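# Notes for the structure review
Chain residues, written in single-letter form:
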Amino acid sequence: MKELIVDEATAKKFKRKSILAFVVFFAMIGLAWAGWKWLGNQPLDNGIRGGIPKPLRKVLDINEEVYSGLYSTKRLVKEYPKSAAAKKARVNGDVGLGTDDFDPATWKLQIVKTGGDTLFLTMEDIKKLPKIDVVHNFKCIEGWSQITWWSGVRFSELIKKYGLDKETKMKYVGMNTPDEEYYVGIDMPSILQPQTILAYELNGKPLPMNQGYPLRLIIPVKYGVKHLKRIGTITFANERPPDYWAERGYDYYTGL
Ligand SMILES: Nc1nc2c(c(=O)[nH]1)N[C@H]1C(S)=C(S)[C@@H](COP(=O)(O)O)O[C@H]1N2
Ligand SMILES: [Mo]
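Residues numbered from 1 in each chain as written. Chains lettered and ligands numbered in written order. Predicted model: local features only at pLDDT ≥ 70, side-chain atom pairs only at ≥ 80, totals over all residues. Heavy atoms only, no water.

Within strand β4 (residues 145-154), 7 of the 10 residues are buried, leaving the element largely enclosed by the surrounding structure. From the end of strand β3 (residues 132-139) to the start of β4, which pair antiparallel, there are 5 residues, and G143 there has a positive phi angle of about 115°. Where β4 meets strand β7 (residues 197-202), 5 bridges bridge the pair, whose relative direction is antiparallel. Residue pairing for β7: W150 is matched across the bridge by L202. (Buried < 20%, exposed > 50% of the residue type's maximum accessible area, 1.4 Å probe, protein only. Helix = DSSP H or I, 4+ residues; strand = E, 2+ residues; numbered from the N terminus. Pairing = 2+ DSSP bridges.)

So this is what it looks like as structure tokens:
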């Protein structure tokens, strides 16, 4: 067998490189450990339980900027034939669906305009607008998804009909349940996306109580958390409106 012959200088260089590799290796471990500790010591982005360290929130904010730029209002979410929709749509989440502040007989959708005036719309008013179907894969951050068929009016159609152009110059839309127990904030491009609807039917029938009767948000570009059931009030703002799950540590944008 032929021996590998190296001169002394090469051998020395090799040894130095090996040592250097070890030093770098341990230095990296040290750095990773220090970084992790640093993150753990950072203030949380809010005082409520489940807040996340500010630097991580920053990453989510950057994600939001990148994604909202990439996916403009023109991007369409995949749709399915009605026959593919679940006959029994899963029910999840009942915050704000307690009946205390909800009387179906007197319910009106309240839209607070930027000037302060409020529009009060009945279901009859809303049903006068063109009705569309949306059959999409509804995704919850808990890890389940289901193809569901909803019908209602495009949010953008409502904007057009009631001349809310000034309002669309704002950055966000806020929505609350009538009792204000559940609330979401949504970026303007996503709420104006053509598949975003105020839905009043599921599988061709009026929404069941626990799925948001009489009117809920369906916003296929977002995860389930944003699909607020039983809309009471709609507001517009340049600052992020409060968001139930964002306050509990979830990503504010929660785009798909
Ligand atoms: N008012 C209200 N809307 C809500 C919730 C809730 O707790 N209260 N949960 C959200 C979550 S996490 C999901 S996944 C969907 C579930 O809608 P579904 O019950 O029609 O499946 O509703 C969303 N809208
Ligand atoms: Mo969810």
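A surface patch of nonpolar side chains, about 420 Å² in accessible area, is lined by L20, V24, M28 and L31. Turning to its location among the elements, L31 is positioned in helix α1 (residues 8-41). (Patch = residues over 30% accessible without salt bridge, like charges linked within 9 Å, V, L, I, M, F, W, Y side chains within 5 Å. Areas by Shrake-Rupley, 256 points an atom, 1.4 Å probe, with all protein chains shown as cover. Salt bridge = Lys/Arg side-chain N within 4 Å of Asp/Glu carboxyl O.)

Turning to the site of ligand 1, a few remarks are in order. What surrounds ligand 1 is a group of 20 residues, the closest being R90, N92, V95, R216 and K229. Between ligand 1 and the protein, one listed contact pairs a nitrogen atom with a backbone N or O atom of H227 at 3.0 Å. In isolation ligand 1 has 530 Å² of accessible area, and contact with the protein removes 97% of it. Taking a 2 Å distance to the grid points as the criterion, the majority of the atoms of ligand 1 fall inside the largest pocket. Across the shell around ligand 1, the residue classes break down as 10 nonpolar, 6 polar and 4 charged. (Near = heavy atom within 4 Å. Polar contact = N/O pair within 3.5 Å; in protein donor to acceptor, adjacent residues only side chain to side chain. 1 Å grid on protein atoms, 1.4 Å probe; cavity = no way out; pocket = protein on both sides within 12 Å on 5 of 7 lines; lining within 4 Å. Sits in = over half its atoms within 2 Å of the grid points. Nonpolar A, V, L, I, M, F, W, Y, C, P; charged D, E, K, R; others polar.)

Attention shifts here to the sheet that holds strand β6 (residues 183-187). The 5 strands lie next to each other as β2-β1-β10-β5-β6, forming an open sheet whose pairing is mixed. Either end of the sheet is taken by a strand with one partner, and the two such strands are β2 (118-121) and β6. Taking each pair of neighbouring strands and ignoring which way they run, the sheet shows an average axis angle of 20°. Of the pairings in the sheet, the one linking strand β5 (residues 172-176) to strand β10 (residues 233-237) comprises 5 bridges and is antiparallel in character. (Axes fitted to C-alpha atoms, helices over the stretch in contact; angles between N-to-C directions.)

Residues D100, D101, E180 and E181 make up a contiguous surface patch of negative charge. By the element assignment, E181 lies in the loop between β5 and β6. (Lys, Arg positive; Asp, Glu negative; His and termini not counted. Charge placed at Lys NZ, Arg CZ, Asp CG, Glu CD.)

Once the domains are mapped, the protein chain shows domain 1 (1-41) and domain 2 (44-248). Computed over C-alpha atoms only, the centres of domain 1 and domain 2 are separated by 54 Å. (Domains from an automatic or database assignment.)

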